[in-house]
Amino acid sequence: MQATFSPCGRFRYLLWDVWDDRKPMLAWCLFNPSTAGSILNGRMIPDHTWTKGVGFSRKLGYGGQVFCNPYAYVATSPKDLKAAGYPIGPENDRYILDACRMGDGKVVCAWGGLGKGLAHPSEVLQTIRRAGFQTVALGFTTEGLPRHPLMLGYDTPLVPYP
């Protein structure tokens, strides 16, 4: 696992890993980064979302995955992100397109209900589409937002995100 953080460490722009370089990577755009990718005892630590993404990516036939987020501020709780004012990060939009380019042209949007009423996830979605990438999701919330993978079964199919 590798990560790109801002110099101040408050923003994580990318988190990626390759386990089979003969296969393409799957790009994911979630909501905001947790502490996954931080160093603990000399080793990068994953989190539950990262691990769930690996399971989906492997099941779908990919050899790696890359995570990016509309909000790059590292927060383990949505409340912390809200209290901080939903910081995006000074270089985040550039890194989102870098993440998309690392994949095979498909981007799994998965910010879940946390994106309700916030403009930036929609702006990121439009940026990804304008750049020519295909947006997909693991289904949708009742509000029409792309579901987060954490509580979904691995049999959940990817569907177009129109």
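Above this text you will find the structure in question.
Worth saying up front: this structure is predicted, and the values here are computed from it rather than measured. (Residues numbered from 1 in each chain as written. Predicted model: local features only at pLDDT ≥ 70, side-chain atom pairs only at ≥ 80, totals over all residues. Heavy atoms only, no water.)

**Student:** It is not clear to me how helix 1 (residues 48–59) should be interpreted in this structure. Could you clarify?
**Tutor:** Structural remark: α-helix, 3.6 residues per turn; residues separated by three or four positions point the same way. Compared with the 16 Å implied by 1.5 Å per residue over 12 residues, the 17 Å span of helix 1 between its first and last C-alpha is a close match. All buried positions along helix 1 are accounted for by Thr-49, Trp-50, Lys-52, Gly-53, Val-54, Gly-55, Phe-56 and Ser-57. For helix 1, the elements touching its buried residues are strand 2 (12–18), strand 3 (25–29) and strand 6 (64–68). Looking one or two residues beyond helix 1, the residue adopting positive phi is Gly-61, at roughly 90°. (Helix = DSSP H or I, 4+ residues; strand = E, 2+ residues; numbered from the N terminus. Expected span 1.5 Å × (residues − 1). Buried < 20%, exposed > 50% of the residue type's maximum accessible area, 1.4 Å probe, protein only. Contact = heavy atoms within 4.5 Å.)

**Student:** It is not clear to me how the state of the cysteines should be interpreted in this structure. Could you clarify?
**Tutor:** Any covalent bond linking the sulfur atoms of two cysteines counts as a disulfide. Enumeration according to the criterion identifies zero disulfides in this entry. For the unlinked cysteine Cys-29, the closest cysteine sulfur is that of Cys-68, found at 4.0 Å. Take Cys-29: its relative accessible area is 0%, and that puts it in the buried class. Of the residues examined, Cys-68 reaches a relative accessible area of 0% and is grouped as buried. (Disulfide = S-S within 2.5 Å.)

**Student:** Looking at this model, I keep getting lost on the sheet that holds strand 8 (residues 134–137). Mind explaining?
**Tutor:** Strand pairing in a sheet takes place through backbone hydrogen bonds and is either antiparallel or parallel in direction. Strand order in this open sheet of seven strands is 1-2-6-3-7-8-9, and the pairing throughout is mixed. Looking at strand neighbours, the two that pair on one side only are strand 1 (2–5) and strand 9 (159–160), the edges of this open sheet. Inspection of the sheet shows strand 7 (residues 103–109) paired to strand 8 by three bridges, in the parallel sense. By the bridge assignment, Lys-106 is partnered in strand 8 with Gln-134. (Pairing = 2+ DSSP bridges.)

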